[in-house]
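# Fold and contact review
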Amino acid sequence: MSWNDFKIILRNVGSLLLIVSLLALVSIAVPLVFREYGAIYAMLVTSVLAGIAGLVLKFIGKIDGEIQLTHAMAISSIAWLVIPLFGSIPFILIEGMSPLNSVFESTSGWTGTGLTMITAPSQLTHTIQFWRSLTQWIGGVGVVVLIISIITRPGTSMYHLYRAEGREEKIFPRIMTTVRMIWWIYFLLTILSILILLVAGMPLWDSINHGMTTISTGGFSVKDSSIASYDNSLIELALIPIMVMGAIPFLVHYKVLKGNVGAFFKDVQSRSLLILLSLGGGLLVAENFLSYGWWSEAFRYSMFQAVSGLTCTGLQTATVHTWAPNAKLIIILLMLIGGAAGSTAGGIKIVRAAAMFTGIGWWYKKLSLPHEVVVVQKFGDKVLSDDEMGAQLNEAAIISFLWVLFLFMGIFVMLHIASPSYYVDDVIFEVVSAQSNVGLSTGITSPDMMWVGKLMLIFNMWVGRLEIIPIIVTFKLLLRRFG
Amino acid sequence: MVLNTLGIILKYLGILMLIPALVGYYYSLHDPAQFPSVMIFIYSFLVTTSVGLMLEYTNRNSDEFRNRESFGIVAFAWLLAAIFGALPFLLSGMQPVDALFESMSGFTTTGATIMTDIESHSKALLFWRCFMQWLGGMGIIMLFLAILPKLAVAGRQLFKAEAPGPTEDKLKPRLKETAKILWMVYVVISAVEFIALLLAGMGVYDSLTHTFTTMACGGFSPRADSIAAFNSPLIEGIIVFFMFVAGANFALHYRLIYVDHRSLLKDGEFKFYSFIVVFTTMALTWTLWRTGTFEEIGTSFRYAIFQVLSIMTTTGYATHDFNTWPDSSRMVLFMLMFIGGCAGSTAGGIKVVRLLLMLKYAYRELFRSLQPKLVRPIRLGDRVVPEDVMNSIFSFIILYILVFMASTFILGELGIDALSAASASIVTLGNIGPGFDLVGPWSNFSTIPDMGKLVLIANMWIGRLEIFTVLVLLIPGFWKE
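On a predicted model such as this, the values are computed, not experimentally measured, just so you know.

Scoring rules and cut-offs
- Residues numbered from 1 in each chain as written.
- Chains lettered and ligands numbered in written order.
- Predicted model: local features only at pLDDT ≥ 70, side-chain atom pairs only at ≥ 80, totals over all residues.
- Helix = DSSP H or I, 4+ residues; strand = E, 2+ residues; numbered from the N terminus.
- Rg over C-alpha atoms; globule rule 2.2 N^0.38 Å.
- Buried ≥ 20, exposed ≤ 12 C-beta atoms within 10 Å, placed from the backbone.
- Contact = placed C-beta atoms within 7 Å.
- Nonpolar A, V, L, I, M, F, W, Y, C, P; charged D, E, K, R; others polar.
- pLDDT = per-residue confidence, 0-100.
- Expected span 1.5 Å × (residues − 1).
- Axes fitted to C-alpha atoms, helices over the stretch in contact; angles between N-to-C directions.
- Parallel < 35°, antiparallel > 145°, perpendicular 65-115°, else oblique.
- Left-handed = near helix turned anticlockwise from the far one by under 90°.
- Core = buried A, V, L, I, M, F, W, Y, C linked by C-beta atoms within 7 Å.
- Bend = angle between axes of the 7 residues up to and from the residue.

## So, the overall build of chain B
For chain B, the helix and strand inventory stands at 23 helices and two strands. The C-alpha radius of gyration computed for chain B amounts to 22 Å, which stays within 12% of the reference 23 Å derived for 481 residues, consistent with globular compactness. When the backbone C-alpha atoms are referred to their principal axes, chain B occupies close to 70 × 60 × 50 Å. The buried share among the 481 residues of chain B stands at 53%.

## What about the overall build of chain A?
Regarding its fold elements, chain A presents 22 helices and two strands. Its C-alpha radius of gyration of 22 Å places chain A within 12% of the 23 Å reference for a compact globule of 483 residues. Summarising its shape, the C-alpha atoms of chain A cover approximately 70 × 55 × 50 Å along the three principal directions. Expressed as a percentage of the 483 residues in chain A, the buried residues total 57%. Pairs at least 24 residues apart make up 72% of the contacts formed inside chain A by residues separated by at least 6 positions.

## Details of unusual backbone geometry
Although it is not a glycine, A:Asp231 sits at a positive phi angle of roughly 45°. Here A:Asp231 lies in the loop between helix H11 (204–215) and helix H12 (233–246).

## Topic: the interface of chain B and chain A
Listed as interface residues are 33 residues of chain B and, on the opposing side, 30 residues of chain A. Broken down by secondary-structure element, the contributors of at least two residues to the side of chain B that touches chain A are helix H4 (67–85), helix H18 (327–339), helix H19 (352–370), helix H20 (387–413) and helix H21 (418–429) of chain B. It is H20(B) that contributes the most residues to the side of chain B that touches chain A, 13 residues altogether. Tallied by class, the residues present in the side of chain B that touches chain A amount to 19 nonpolar, seven polar and seven charged.

## Concerning the confidence of the model for chain B
Residue and element names in this part refer to chain B. Within chain B, residue pLDDT values average 89, and 95% of them lie at 70 or more. At the low end of the mean pLDDT range in chain B sits helix H9 (residues 149–152), at 63; at the high end sits helix H6 (residues 96–107), at 96. Taken together, the chains of this predicted complex give a pTM of 0.91 and an interface ipTM of 0.88.

## A closer look at H12(A)
All names here are of chain A. For H12, built from 14 residues, the straight-helix expectation of 20 Å at 1.5 Å per residue is met to within 8% by its first-to-last C-alpha distance of 20 Å. Here H12 has its buried residues at Ile235, Glu236, Ala238, Leu239, Ile242, Met243, Val244, Met245 and Gly246. Packing partners of the buried residues in H12 comprise helix H10 (175–199), H11 and helix H16 (295–310).

## Section: the packing of helix H16 (residues 268–290) of chain B against helix H17 (residues 297–312) of chain B
All names here are of chain B. One way to put it is that H16 packs onto H17 with a least axis distance of 8 Å and a crossing angle of 135°. Considering their axes alone, H16 and H17 lie oblique with respect to each other. Along this stretch, H16 crosses H17, giving a crossing that reads as right-handed. Of H17, the residues touching H16 (which contributes Ile276, Val277, Thr280, Thr281, Leu284, Thr285, Leu288 and Trp289) are Ile297, Ser300, Phe301, Tyr303, Ala304, Ile305, Val308, Leu309 and Met312. Looking at the contact of H16 with H17 residue by residue, the classes come out as 13 nonpolar, four polar and no charged.

## Concerning the packing of helix H1 (residues 3–27) of chain A against helix H3 (residues 37–60) of chain A
All names here are of chain A. The contact between H1 and H3 brings their axes to 7 Å, and the two run at 160°. Judged by the angle between their axes, H1 and H3 are roughly antiparallel. In the crossing of H1 with H3, the sense of the turn from one axis to the other is left-handed. Tallied by class, residues from the contact of H1 with H3 come to 13 nonpolar, eight polar and three charged.

## Comments concerning the nonpolar core
In this structure, B:Val74, B:Ala77 and B:Trp78 are the most contacted members of the largest nonpolar core, which totals 308 residues. Residues within four places of B:Val74 in sequence aside, it is in contact with B:Ile141, B:Leu158, B:Ala161, B:Glu162, B:Leu465 and B:Thr469.

## Here's the deal with the environment of A:Ile398
Looking at the secondary structure, you find A:Ile398 in helix H19 (residues 386–417). C-alpha separation for the pair A:Ile398 and A:Ser157, spaced 241 residues apart in sequence, amounts to 26 Å. In this structure, A:Ile398 is in contact with B:Tyr361, B:Ala362 and B:Glu365, ignoring residues within four places of it in sequence.

## What about the environment of B:Asp382?
Residues and elements named next belong to chain B. Here Asp382 lies in the loop between strand S1 (378–380) and strand S2 (383–385). Its 7 C-beta neighbours within 10 Å are what place Asp382 among the exposed residues. When the C-alpha atoms of Asp382 and Gly268 are compared, they prove to be 9.6 Å apart, with 114 residues separating the residues in sequence.

## A short note on helix H4 (residues 69–87) of chain A
Residue and element names in this part refer to chain A. Given a rise of 1.5 Å per residue, 19 residues ought to cover 27 Å, and the 26 Å separating the end C-alpha atoms of H4 matches this to within 8%. In H4, a bend of some 25° at Ala79 exceeds every other bend along the element. Across the 19 residues of H4, 15 count as buried, placing the element largely inside the fold.

## Examining the environment of B:Cys130
All names here are of chain B. Here Cys130 lies in helix H7 (residues 123–138). For Cys130, a count of 26 C-beta atoms within 10 Å puts it in the buried group. For Cys130, the contacting residues outside a window of four places in its chain are Thr209, Phe212, Thr213, Phe220 and Pro222.

Written as structure tokens, this is what we have:
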């Protein structure tokens, strides 16, 4: 990597920091409304620091050059590390949290995970509550995507950036228009979510925050024990469609908003999402029936947790820690698969799971039939050639393989750190939850956790948000430069 | 056609049962209490061979072999071998499910046992357990390919359906020759190990049975304490060496001796295999020493290297109760359970070559994600690996994990804790043997409910035949004319 490449990366990371600065500045509205004057200066400091850092980086990296895909990947990997650092400043200044806890909280926010270091979110100032929700709301669609919609640049630079943050689908031929449309849809869905929650009986402030963290499939809550605090089945029922909306690709939302409701059922991902939900949720209900004793109870808690797991939201209504190992296993699998590619959800992504699933069937047919027979393979509504189907299968499998490799790393470290009251399945649950950016917790994540564990989970969240490849590419780049 | 071939295989399997009968007869000369075991094996021989003859003569023979038939033959040959191999256990008074478990664990070289008091059984029965593993190690079908001219006609497909690993090694243009050579190499190395163990001070019976189970990567032992019973570093050293040999490709051993003395060093899979062994041994030695499980680093190394090879080659011997080791060490062993030995060895598991190719593929994908138009074939040694081999590897691994999870899930439903359920699933699927907690090296599988045992039996069968061969039977279209 040459110095010029490095400059291009710095310049763009700088621009991203300016966005953080802007967001912090906008958030000052909240302390003004709630008369939390002490918090104003903290948000100002955050804004100024991020702003200065951004400008300095932009100044250092002042150079003209097209963004290559390599650059884009490095930009998004580095940005997703640096932005949470600046995002942690309000936690330190306002709530007096330790720097590591603040960075953990901030990473969990930006990546849309929802694991938390705060034991009593209801005691927080409104400013911090809103800041947590805002980071999740922006992080859900993506910081890099945000910058694309604001700054226009010609050529393929934008598409590279778009791809480096794990997106690929296009609504319109032009990437700028696509991104702007995504933000519009997102904004609309958020308003809709907030309204639904209001109608279900949630107070206004809670509705705004939960609306933002649910549609972004983030999962932070302003209540101490998440959604369980309300103990209101109507609210739980209202949250389920919001979580599902968050896990559905924007492309499908666009088509449905255009009036083509059938698009929802034609899309492989949204169809599989429904199948997975009924399958996983059904199994979970059966699994939990014995411990809850009532079908209605088992149904209420299991369904909510299944949806929350699969959509990678992480809102919690039950103490998963006490569930049977197999119930945890079901949720672990759902979390691993995650939501649809091109949505706000995390995980390995439904499209890959579907590719593996159809891929195996296809391979099977090929193997058991004589060579002369041509296997016609449909994937969604497309007919794929042998080469294409094979490539799809391989690509999906290799990401899953790397995914599991990084999970093992996390599990290995966390096994040393978790207290003996947590069993192996709890540890696996926690690490999967972090890497898939879910946020469901068995209780291992807490402020008392050893620092190594916090760092490990931060790493897992980071790796999972960017879907691994950009991070390995960045490491390779840096090694080539300095090695 | 399929039934005819299965009949022939059963016929000879019955005849092989006369060998433990002879062993039993020899020991009954000194100890009359051993005599009933002779009769057990004679009865088993009679039943197996007559069923075999019946199948052979009631069904027509034809030369028409297709993919489908060969999958059927291989899958059912292993199932029938396990069922009839269970007769001696059944006649010795075991429950039917237990007997089948023990027999399947034998032929598939798993080494998981439900026997609670091993040394109370007759010499002949314990010999049969180990002998089954030796037969299953190189492959039942492979044995018949080598000795029966009839089968050799359809050789290629049968060979592929049974052979472990994604790539095939053609030593000779004719398959019969290849099978013969592989069996010869197997017999010769076994003989060498037998002599080495004798010289190291093991008795004839122990040497022979342990040779059988080492070379097959099986793991049964006529001793209740497995290899720990001897407590001899020399014997452990010999067994470590031969486990390492048995976990590598046998075609490679042949080339090493007859073709090229440097072929081992040129082989990518062998290098990676050695690397994993060395690396994990070092890691395990270090963690065991650091956590104070063993006081001295030397002792730590002794137990670490034995356990690494025993698990990685899917043998399943134990010299120490590794279930009591710290979690980090157990985690290392747990990951090794998934890898297994090399393709073309007697070991089970996912196989080193698949892991290696997957890593190479991942490495290439990194380049491809940056330059989508890049053409860059994956190489293994001097051969280019076709893309559809990658398809089969990925499908295999995905299915392997799916079967593993399904089995863990079912065991969990039966009330077994998560770690025991997961390790019991992987050690049977990978044909390893002992796992953790409930099924640890110093305990056995007898505490698992019958339903669970059936699942584990299926695991061993599916795992030994590398999934496709068995799962193909589940496709409805497979049975259509």
